[in-house]
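# A structural walkthrough
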Amino acid sequence: MIGLVARELRLAAAAGAALLPPVFFLLVATLFPFAVGPDGPLLARTGGGALWMAALLAALLPVDRLVEPDRASGVLDQLAVRGIGEETVAIAKLAGHWLSFGPPLMIAALPAAALMKLPSDVLLRLELGLLVGTPGLAALTLAVAALTAGLRRGGALAGLLMLPLAVPLLIFGAGLVERGNQAGALQLLAAVSLLLVAGAPFAAGAAIRASRD
Amino acid sequence: MTRLLRLDGVTGRRGGRTLFEALDLTLAPGEAALVTGPNGAGKSSLLRIAAGLLRPAAGTVESGAASLADEHPALDERRRLADALAFWARLDGGDASAGLEAMGLAPVADVPVRMLSAGQRKRATLARVIASGAPLWLLDEPANGLDAEGQDRLAAAMRGHLERGGGILAASHQPLGLAAAQAVRLG
């Protein structure tokens, strides 16, 4: 298991995976003030939600890298021959993917918040929301990557599949940033994230098995 | 008697087409079977069924630890060959250097997998199987793309494996030097 997670991290490092989503995230944060104008209070009010949108789109980037290369090169088959369950493989992939996705995004949120003129208490809530919500985003990316593995133009389909499913994360994450923890936004965000993390390995495992037939 | 592989009344079906029906096959330690047949007869499907990757449409499959060599090396392209093999050898509790040595790949052990030629990839795939230490080898067209020297090395490795009490199920168009192998003809 540790070997599998280490392999995921090595592949992620080789693909520059820890760099791409944060760079994309920062790019959106840079463009947003150009789009709505340099109005400080307006940026501070809408910036948190925009950053959550950016996080959501950044989560889509690694979708074609997570499962398809391992399916095409026979690695998934070889793991199965060794009696390693598809769910176990999916859990290892989820752990490796989150480690190379969540923390870098949280670090990128610091300069992004400065660009949006977010006050420090809002930044704190954004970071807290990302800490709780990125595992859910990573799980969703993994499940969608497994579902679309082996399909032509799977990338486009992945976006259509994933974005609607990420709506609850977006609602509670952005709600937490803008209005604070009213009506238990943090708890609901955590619940959605937990549900996705718990369900994704089974969905991904079943999808990997189904792709063999 | 301990068996390495037992197929009992196995039927293989792909895309609604029946490839073979009620196939029985037993491999005891030291035994080999060679699957032959025209393209599309279901040789690869039979091996994938034996490996547990495909479910047979009917019948039962019993097998212990097995190692499969098909057309995919399943080695990480960017890593050095020795490291890529070591990843699987660690999972299997085997020895990667034994595989490198047996297939004559020691000189390219430090070369990244993506730089290897097609023949070297085939050797690397077989080295992964040899390094695994698994009692049952499932070899799909193992001699494809190998030069004469590579085929000799493959034959020697298979002989050694059978002498040590291993079993081999191979699918091939070429004679692999498995003199005493059971013949399984499909199609």
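Coordinates for the structure precede this section.
Here is a short report on the structure shown in this document.

Calculation rules
Residues numbered from 1 in each chain as written. Chains lettered and ligands numbered in written order. Predicted model: local features only at pLDDT ≥ 70, side-chain atom pairs only at ≥ 80, totals over all residues. Axes fitted to C-alpha atoms, helices over the stretch in contact; angles between N-to-C directions. Helix = DSSP H or I, 4+ residues; strand = E, 2+ residues; numbered from the N terminus. Parallel < 35°, antiparallel > 145°, perpendicular 65-115°, else oblique. Left-handed = near helix turned anticlockwise from the far one by under 90°. Contact = placed C-beta atoms within 7 Å. Nonpolar A, V, L, I, M, F, W, Y, C, P; charged D, E, K, R; others polar. Buried ≥ 20, exposed ≤ 12 C-beta atoms within 10 Å, placed from the backbone. Pairing = 2+ DSSP bridges. Right-handed = clockwise from strand over helix to strand, strands pointing away. Core = buried A, V, L, I, M, F, W, Y, C linked by C-beta atoms within 7 Å.

### Some thoughts on the packing of helix 9 (residues 120–148) of chain A against helix 10 (residues 154–165) of chain A
Residues and elements named next belong to chain A. Direction vectors running N to C along helix 9 and helix 10 enclose 140 degrees, while the axes themselves pass 9 Å from each other. One finds that helix 9 runs oblique with respect to helix 10. Considering the relative orientation of helix 9 and helix 10, their crossing is right-handed. Here Leu-140, Thr-141, Val-144, Ala-145, Leu-147 and Thr-148 of helix 9 come into contact with helix 10, specifically with Gly-154, Leu-157, Ala-158, Leu-161, Met-162 and Leu-165. Of the residues contributing to the contact of helix 9 with helix 10, the split by class is nine nonpolar, three polar and no charged.

### Concerning the environment of Leu-99 of chain A
With respect to the element layout, Leu-99 of chain A can be found in helix 7 (residues 86–99). By the C-beta count within 10 Å, which is 16 here, Leu-99 of chain A ends up partly exposed.

### Topic: the interface of chain B and chain A
On the chain A side, the residues contacting the 16 residues of chain B number 12 residues. For the side of chain B that touches chain A, the secondary structure elements donating two or more residues are strand 5 (66–69) and helix 2 (81–92) of chain B. It is helix 2 of chain B that provides the largest number of residues to the side of chain B that touches chain A, a total of five residues. Considered class by class, the residues forming the side of chain B that touches chain A number nine nonpolar, three polar and four charged.

### Description of the pairing of strand 6 (residues 136–140) of chain B
Residues and elements named next belong to chain B. A large share of strand 6 lies buried, amounting to five of its five residues. Here strand 5 runs beside strand 6; their pairing, made up of four bridges, is parallel. What sits directly across from Ala-69, in strand 6, is Leu-139. Handedness of the strand 6-helix 5 (residues 148–163)-strand 7 (residues 167–171) crossover: right-handed.

### Digging into the sheet that holds strand 2 (residues 17–27) of chain B
Residues and elements named next belong to chain B. Taken together, three strands build an open sheet; the order of strands is 2-1-4 and the sheet is antiparallel. Of all the strands in the sheet, the pair left with one neighbour each is strand 2 and strand 4 (58–63). Across the sheet, the mean angle separating the axes of adjacent strands is 25 degrees when strand polarity is ignored. Of the pairings in the sheet, the one linking strand 1 (residues 5–14) to strand 4 comprises five bridges and is antiparallel in character. Pairing of Leu-5 across the sheet is with Ser-63, part of strand 4. Across the sheet, helix 1 (residues 43–50) is in contact with strand 1, strand 2 and strand 4; its angle to strand 1 comes to roughly 130 degrees.

### Some words on the nonpolar core
Membership of the largest hydrophobic core comes to 122 residues, with the highest contact counts inside it found for Ala-55, Leu-142 and Ala-146 of chain A together with Leu-85 of chain B. The biggest single contributor to this core is helix 9 of chain A, with 15 residues. When sequence neighbours within four positions are dropped, the list of residues in contact with Ala-146 of chain A reads Val-67, Ala-90, Ala-204, Ala-207 and Ile-208 of chain A.

### Some remarks on unusual backbone geometry
Residue Lys-117 of chain A is not a glycine yet carries a positive backbone phi of 55 degrees. Its place among the elements puts Lys-117 of chain A in the loop between helix 8 (102–115) and helix 9. Residue Ala-22 of chain B is not a glycine yet carries a positive backbone phi of 45 degrees. In this fold, Ala-22 of chain B is placed in strand 2.

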